[in-house]
Amino acid sequence: MSLSLEDVRKISSLARLDLSESDAEATRSKLNGILELVEQMQAIDTSGVEPMSHPQDVAQRLRDDAVTETDRRDDFQRVAPQTEAGLYLVPKVIE
Amino acid sequence: MINASLTELRAALDAGQTSSVELANLFLDRIDRLDGTLNSFITVDRARALDAARAADARIATGSAGPLTGIPIAHKDVFCTQGVLTTCGSRMLSNFVSPYDAHVVELLGRAGAVMLGKTNMDEFAMGSSNENSHFGAVRNPWNTDRIPGGSSGGSAAAVAARLVPAATGTDTGGSVRQPAALTGVTGIKPTYGVVSRYGMIAYASSFDQAGVFAASAEDCALMLSAIAGFDPRDSTSLERPAEDYSLALQQSAAEPARPLAGLRIGLPEEFFGDGLAADVRAAVEAAIEEYRRLGATTVAVKLPNAKLAIPAYYVLAPAEASSNLSRFDGVRYGHRAAEYGDLDDMYRKSRAEGFGAEVKRRILVGTYVLSHGYYDAYYLQAQKLRRLIAEDFRAAFTQCDVIAGPTSPTTAWAIGAKTDDPVQMYLSDIYTIAVNLAGLPGLSHPAGFGDGGLPVGLQLIGNYFDESRLLGTAHRYQQATDWHLRRPAIAA
Amino acid sequence: MSRNDWEVVIGLEVHAQLNTASKIFSGASTAFGSEPNRQASAVDIALPGVLPVLNRGAVERAIRFGLAIDAQVAPKSVFARKNYFYPDLPKGYQISQFELPVVSGGTITIRVGEGDKAYEKTVNLTRAHLEEDAGKSLHEDFHGMSGIDLNRAGTPLLEIVSEPDMRSSAEAVAYARALHALVRWIEICDGNMQEGSFRCDANVSVRRPGGPLGTRREIKNLNSFRFLQQAIDFEVQWQIERLEDGGTIQQATVLFDPDTGETRVMRTKEDAHDYRYFPDPDLMPLVIVPEWIDRVREQLPELPAAMKARFIDDYGLSAYDATTLTASREVATYYQAAVDAAGQAQAKTCANWVMGDLAARLNKAELDVTASPVSPTQLAGLVTRIADNTISNAIGKKVFDALWNGEGDSADDIIEAQGLKQVTDSGAIEAMIDEVLAANQKSVDEFRAGKEKAFNALVGQVMKASRGKANPAQVNEILRRKLGG
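Computed from a prediction, not measured in an experiment: that's the story for all the values here.

Q: Looking at this model, I keep getting lost on the overall build of chain C. Mind explaining?
A: For chain C, the helix and strand inventory stands at 15 helices and 18 strands. Its C-alpha atoms give chain C a radius of gyration of 30 Å, clearly above 23 Å, the size a compact globule of 485 residues would have. Across its three principal axes, chain C shows a C-alpha extent of roughly 95 × 55 × 50 Å. Counting all 485 residues of chain C, 55% fall into the buried class. Sequence-distant contacts in chain C: of pairs separated by 6 or more residues, those separated by 24 or more amount to 69%. Of the roughly 20,800 Å² of accessible surface on chain C, a fraction of 48% belongs to carbon and sulfur atoms. The positive charge centre, built from 53 side chains, and the negative charge centre, built from 67, are 3 Å apart in chain C.

Q: Help me out: how do you make sense of the interface of chain B and chain A in this one?
A: Interfaces are frequently sized by the accessible area removed from exposure as the parts join. Contact with chain B, which involves 73 residues of that partner, is made by 48 residues of chain A. Buried area between chain B and chain A, summed over both chains or domains, comes out near 5,200 Å², and the portion from carbon and sulfur atoms is 67%. The interface formed by chain B and chain A contains 3 salt bridges. Of the charged contacts, one joins K30(A) and D420(B) as a salt bridge, the two residues approaching to 3.5 Å between their closest N and O atoms. Those elements that place two or more of their residues in the side of chain B that touches chain A are α10 (309-324), α11 (343-354), α12 (357-370), α13 (376-396), α14 (422-427) and α15 (433-438) of chain B. Among the elements that make up the side of chain B that touches chain A, the one with the highest residue count is α13(B) (12 residues).

Q: Quick question: what am I supposed to make of the UniProt feature "active site" (unreviewed entry) in chain B here?
A: Residue and element names in this part refer to chain B. In the UniProt entry, the feature "active site" (unreviewed entry) is given for K76, S151 and S175. These residues run over 100 residues, yet every pair of their C-alpha atoms falls within 11.0 Å of each other. Inspection of the secondary structure assignment puts K76 in strand β2 (residues 72-76). Residue classification places K76 among the buried positions, given a relative accessible area of 0%. Contacts of K76, omitting those with residues within four sequence positions, involve K118, T119, M121, A125, S151, S152, S155, T168, G169, T170 and S175. Looking at the element boundaries, S151 is found in the loop between β3 (114-119) and α5 (153-160). Ignoring any residue separated from it by four or fewer positions in sequence, one finds S151 in contact with K76, N120, M121, D122, A125, M126, G127, N130, T170 and S175. Here the side chain of S151 touches A125 through a polar contact of 3.4 Å, landing on its backbone oxygen.

Q: Please explain the environment of N192(C) as it appears in this structure.
A: Residues and elements named next belong to chain C. The residue N192 is located in the loop between α2 (169-185) and β13 (198-207) in this model. The spatial distance from the C-alpha of N192 to the C-alpha of N223 is 9.3 Å, given a sequence separation of 31 residues. When neighbours within four sequence positions are excluded, N192 is seen to be in contact with S197 and F198. Here the side chain of N192 touches E195 through a polar contact of 3.1 Å, landing on its backbone nitrogen.

Q: Any chance you could explain the UniProt feature "domain: Amidase" (unreviewed entry) in chain B here in plain terms?
A: Per the UniProt entry, the sites bearing "domain: Amidase" (unreviewed entry) are residues 22-471 of chain B in this numbering. Along residues 22-471 of chain B one finds 37% helix and 14% strand; the C-alpha atoms at either end are 30 Å apart.

Q: What is the right way to read the packing of aromatic side chains from this model?
A: Given two aromatic rings, their pairing is described by the distance between the two centres and the angle made by the two planes. Across all of its chains, the model carries 30 aromatic pairs over all chains by this definition. Measuring from centroid to centroid gives 4.9 Å for Y313(B) and Y314(B), while their planes differ by 80°, and the two rings are edge-to-face. Overall, the relative accessible area of 2% leaves Y313(B) in the buried class. Residue class for Y314(B) comes out buried when judged on its relative accessible area of 2%. One aromatic cluster is present, built from ring pairs that chain together F96(B), F124(B), F328(B), Y333(B) and F355(B). One Lys or Arg, K82(C), reaches over the ring of Y275(C) and ends 4.4 Å from the middle of that ring. Sitting above the plane of the W238(C) ring, R217(C) keeps its charged end 3.9 Å from the centroid.

Q: Where do I start with the sheet that holds strand β6 (residues 93-97) of chain C in this structure?
A: Residues and elements named next belong to chain C. An order of β6-β5-β17 is seen for the 3 strands of this open sheet, with the pairing classed as antiparallel. Two strands close off the open sheet at either side, each with one partner strand: β6 and β17 (278-279). Sheet topology places strand β5 (residues 79-83) next to β6; 5 bridges connect them, and they run antiparallel. Across the sheet, the residue bridging to A80 is S96, located in β6.

What counts, and at which threshold
- Residues numbered from 1 in each chain as written.
- Chains lettered and ligands numbered in written order.
- Predicted model: local features only at pLDDT ≥ 70, side-chain atom pairs only at ≥ 80, totals over all residues.
- Heavy atoms only, no water.
- Helix = DSSP H or I, 4+ residues; strand = E, 2+ residues; numbered from the N terminus.
- Rg over C-alpha atoms; globule rule 2.2 N^0.38 Å.
- Buried < 20%, exposed > 50% of the residue type's maximum accessible area, 1.4 Å probe, protein only.
- Contact = heavy atoms within 4.5 Å.
- Areas by Shrake-Rupley, 256 points an atom, 1.4 Å probe, with all protein chains shown as cover.
- Lys, Arg positive; Asp, Glu negative; His and termini not counted.
- Charge placed at Lys NZ, Arg CZ, Asp CG, Glu CD.
- Buried area = accessible area lost by both parts, 1.4 Å probe.
- Salt bridge = Lys/Arg side-chain N within 4 Å of Asp/Glu carboxyl O.
- UniProt positions renumbered as here; feature names shortened; annotations may be inferred.
- Polar contact = N/O pair within 3.5 Å; in protein donor to acceptor, adjacent residues only side chain to side chain.
- Phe/Tyr/Trp six-rings, centres within 6.5 Å; stacked < 30°, edge-to-face > 60°.
- Lys NZ or Arg CZ within 6 Å of the ring centre and 35° of its normal.
- Pairing = 2+ DSSP bridges.

Printed below as a string of C-alpha cells:
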C-alpha cells in the first residue's frame, strides 16, 4: 500500500492540517516509509484472535449522577484565543 | 547533597542538617548554571519552588513530614500544573497555563515534594530522542553532542546531571525506560492503570502511563509510592489498594550472599538477536551474570510476536493520537493562527503551525489507518497482534518471574543522526514497545557503559502489578554494584 | 404519474436528552438556560489531559427505555469515538456507541389517523445508544464571528433509531408522538421540544412500490411535530418531482427552514462519510449485569401498551378511548385515580368525563391535567352521585363547573349547599307536572293529536319548573301516565 499525493492531501484535509505544495512530496515519502514498516503486520494470520483495546479486561466504572462541578468559566477562558460575553469566538459557522 | 539519595535527603532534612529552601536553592542554582547547555527544562519557577520549599520546611518543623516533603522534583511538561505553563513540548501549547493540576502533580504536591520546574520533552511525547521539542533538543549529560533519549528526555537528563534528584515522566512506547537507559539513571513505568492519567496530556490513551526517574530503584520506589493508586477521575485507573513499594526493598534476604536466590529471570532470545550493538550486549550480559551471582537463575523464553510490536504500535498509537489531538483546534486554548479565512482555514492553519513535523506525521498515519476502508486491515489487525503479544508475555511468565534484556539496542546516538528517518527512530524502541502493548510494568537501570563511556541500561519486565518485584530485584543489583552511582563529568 | 405511484419510506432518529442532574461524562449540571459556558466543566470544554467517567443515571435510563420497548439490553456495550471537526464539538470527536449499542431491537405500536380510517401499526426499532450532546453555535454577529456556548456539551443523549417502517408523514408523526409520550412516561426525558430535549431527524426516500429502496436524504433537527410533518411532506414532494423530471437523488443531510417550509442541503457535513469510529480508549466496556436489569424492571411503572390493554379488557373501553387515555402518563394517572375512587363500574363514565368536559375545560384554560382544579377524587365523587341518581347528568355538569371554580370541596358539598339534590318524591313531581299541564294546554292538545315532540316540550317544562332537579326518568313515567299514554 502506497499513498499518492492525492491521498496525502485528502488525509491532511480530514485531519485539518494545512499542507503546503512544497511539503506534500516529502510528507508522502515519509508516510509511505512508515506504512511500509506497518505492512509487516499483514503477513500474520490473526483469524480467530479477539482484538485487544485495553491492557486490562475490566468493566467501565460508573459515577453517581450528582453535580460536582462549579462554574470556572473565567479561569478556563483566560487561556482562550478569543472570547466575548462568555462565548468562545470562531470564524462564522455556516450550516 | 547533590548526589545524595532521597532517603539521605530525607534524613538530612529531618535532622535539620539542611532545609528544603536550601535544597531548592542548591538545585535551582545548578539548573541556572548547567541547563543552558542541557536544555532539560522548559520552565523553571524559582519563586513558586521557594514558596513550596518554605511550606515544606514549616511542615517538617511540625514533625508531620512525609517521605518526600521538602524534596526537589521536576515534572515532565506533559503533566498539567495549575498556574504554571504546560506546553507538552509544543508550539500549540506554548502559551497554555493550565487551570488545573494533574493527579500526579496533585499527589506529589500533597506529599510536600517541591516542584522546581517542568522538563523538556518530545512534542506530545512523540519521539525517542527529544529532538522533536518546540523548545529545542535536550543534550545528554554524558556527552552533550548526543541525544538523551525520549520522549521524557528532559526529566532523564535533569536527573542524570543532578539538576534535580527525581522527576516524573510518561511512557507510551518506552519514553521512561529508554531515556533512563541512555542517560544512566533508573526509571520505572508501572502496570497500565496503576497511575491515574488525569491531567496527563494524552498521546495514546491505551498505552500512556506515568513513571518516574531517579538515581536508584530505592528512590524510584519512594516516588512511585507517592503517585500510584486509584483515581475515580480516570476510567482506566484500577481500583486496587495503595501499595508502598519501598517495603519490599527493606525486607532482608534469607541468604544475604545470594539475595536473589529463587528468582527466575527469563531471557527472550528475540531481545538478543541482530541489531543489538556489541557494546550494549556485552554490558547487559555482564549485568545478567551479576544477577546470577546474586542467586537468580536464568531461563530462555520466547516472545515470538515481539517483532510485530513496532508495526502494531505504529498503527494503534497514531490512531489514538490522531483523535486525542483533535481538541487542539485554536478555539478554547492553545495556538490560533494569526491570519486565516473561514473556520476550516483557521483549523488547518492553526494546527499546521502549532504542531511539529513528527506530530503531524503521526496524526496523518492515524487518520489514514482509521479511515473508511482501511480500518480492518490496519487498526483491527494491529489490535489482534496486540493480543498475541500480550499472550506471549503471559506464556513467558509461566516460566519466569521477571524478564530481562537490553532497554535500547544502542547507546545514545549523535544529535541529528536519525531526525530525517522516522522509521530508524521508531526502531530504537524495539525492546520497550511490546511492554506497552501488553500494559506490563517495566524498569530500566544502569548496567555499565558502552563505547565512548555512554551508559547502557538493562530492562526488567514484570508481570502485571509486579512493580515491587521489579524494584526489589533492581535494588539488590544496585546494592551489589555501583553503576547507578556513577555521574557524568558535568554533574561533578 | 402522480404521487400515488410512489411509496414513501421514512425512518426516524430521535435524540432524547436524558433528564440526569449531571452530564454523561462530567459532574457539570445539565440544567437548561444558564449563562454561556457557566456549566461547561474542564471535561466539557475538553481541556488537555481531562478524562470521561460515565454517569450511572444515564445508563439506568437507557435500560428503562430498552425494557419499555421490549428490546435487548446489551450485557456488554462499547463507547466509540466519532471523529469530526466542529466548533461545538470540543474534543474533535463525539463519544457515542457504534458497533455495540446498549439497546437493540424493540417495537412501538402507534395509532394513525382518526375515526373509521384509524389503524394501528407496529414500528420496529433498530437500536438506541448513549452519546453526548454537542454545544451550541450562536450565529448572532460578533464582529463577523460566531459564538460558542458549551453548556449543552456533554448532556446525555439517547439516540433512538427506528427501522424505515413509516410510509407517510402521518405515521412518522404518530411514531414520534408515541415515542415522546413513552420517554416522558418512563421519566427518562422531560420531552421539552422548545428547549431541544427531544429532537427528530428524518431519513426520507421514495420508491416505486415493491422496488428497491431509494436514496435517502436526512432532515436534521426537527424540534416540533408540526415541522416534522411539514418537512417530510416538502421533502417527499421534492424527491418525487425531481425523480419524475428524470433527475436523481444524492444522499445528503438537509435542514428544514420553517419560514419557507423548504429543505436545503447542509454545508458543514463534508466529512460525514468518514467519521473514523474506533473504541474510545478512555472508557472501558459498559457491562450491565442481569441483576441490574431486574432491579430497573421492578421499578418501571405500568407501560402505556399494558395499561391500554387493561382499559379495554377490564374497563370495557373502546380502543380509541383507551389510546386517548394512555397518550400521556399524566392523563392516564388521572384517569386511573378517578376510576379507583369511583369504582370499576364507573370506568366508562369516568372516561367520558376525562375525555369530554375535563379535557375541554383544561384545553380552554391551557392547563396541564396535573394542574387541574378538579382532582380525580372530586371527579369520582361527582360521577358517583350521578350513578346513584342523587343528581342528573345535566346537574352533574353544573356541579363540575362549581368544582372547577372552587365553590366547594366535593360534589356532595356543592349538591348540599346549592340544593341540587335530585327530586325523586313522586308526590312532588306529580304536583309539578299538574301545574305544567295546566299551564300548557296547547302542548297537551298537540301531544294528544299525535305530535310526539310536544311530549318532550312538556318534559322540558317540568324540568325547568324543578330547576333541573326532578328525576328525568320519573318525570317521563308520570307524565306519560297522566297524559293517558
